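Each chain is listed here by its residues.
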Amino acid sequence: MQLQVDGTDAVELAYVPPTDWQPIRKRPRKPKSIKAKKAELAKQRKRLKAAGVRRFYGAQSPRLRPRQNRIGSAAARRDARALSRMRHSNAWLW
């Protein structure tokens with residue numbers, strides 16, 4: 001293949017794939033057998049059911065939030081309230 005500088009007999013260098021070639025993303029996947037499909041769905045049902053059971057029993061648990069967390073949030077609320085009062089007052093801080 002010879003290219004000339006002036007472009008008179010220049011050959012196009014574009015890649016032309018073979019006609020039977022297809023990119024992988026467009027190639028049709030091998031269809032699953034009915035048995036494989038049913039097995040996959042059964043596995044998914046089992047997984048979702050287990051998650052539902054975990055969620056249900058998690059909500060039933062009588063565990064309270066830690067006391068320390070409640071104390072901390074109460075203090076934070078108090079601080080926020082005090083700051084809010086200061087912000088809305090016309091007091092000037094020197």
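The structure displayed is predicted, hence computed values, not measured ones.

Reading the values: rules and limits
Note that residues are indexed from 1 along each chain, following the sequence as it is written. Note on the predicted model: pLDDT of at least 70 is required for a residue's local features to be given, and 80 or more for side-chain atom pairs to be given and counted; whole-chain, interface and lining totals, by contrast, use all residues. Where side-chain values are given, they derive from all heavy atoms of the structure, hydrogens and water being excluded. A run of DSSP states H or I qualifies as a helix once it reaches four residues; a run of E qualifies as a strand once it reaches two. Both are numbered from the N-terminal end. We call a residue buried when its accessible area falls under 20% of the maximum for its residue type, exposed when it is over 50%, and partly exposed in between, using a 1.4 Å probe and counting protein chains only. The accessible surface values rely on the Shrake-Rupley method and a 1.4 Å probe; as for residues, cover is taken only from the protein chains in view. Take the residue count of a helix, subtract one, and multiply by 1.5 Å to get its expected span. In this scheme, patches are assembled from residues that exceed 30% relative accessible area and form no salt bridge. Like charges are connected within 9 Å, while nonpolar side chains (Val, Leu, Ile, Met, Phe, Trp, Tyr) are connected within 5 Å. In the sections that follow, a salt bridge refers to a side-chain nitrogen of Lys or Arg positioned within 4 Å of a carboxyl oxygen of Asp or Glu. Asp and Glu are treated as the negative residues and Lys and Arg as the positive ones, with His and the ends of the chain left uncounted. Just so you know, the charge point we use is NZ for Lys, CZ for Arg, CG for Asp and CD for Glu.

Caption draft 1: Up close: the overall build of the chain. Counting its secondary structure elements, the chain contains 2 helices and 0 strands. Within the span of the chain, comprising 94 residues, buried residues form 1% of the whole. Working note: accessible area of the chain is about 10,300 Å², and carbon and sulfur atoms make up 58% of it.

Caption draft 2: The arrangement of helix α1 (residues 34–60) in detail. With 27 residues, α1 extends 39 Å from end C-alpha to end C-alpha; this agrees with the ideal 39 Å at 1.5 Å per step. Of all the 27 residues making up α1, 1 are buried; the element is thus mostly uncovered.

Caption draft 3: Inspection of a nonpolar patch on the surface at higher detail. Where nonpolar side chains cluster on the molecular surface, the patch consists of Val53, Phe56 and Tyr57 and spans about 320 Å² of accessible area. Here Tyr57 lies in helix α1. The exposure class assigned to Tyr57 is exposed, which follows from its relative accessible area of 56%.

Caption draft 4: Main features of a positive patch on the surface. Taken together, the side chains of Arg77, Arg78, Arg81 and Arg85 make up a positively charged region of the molecular surface. One can find Arg77 in helix α2 (residues 67–88).

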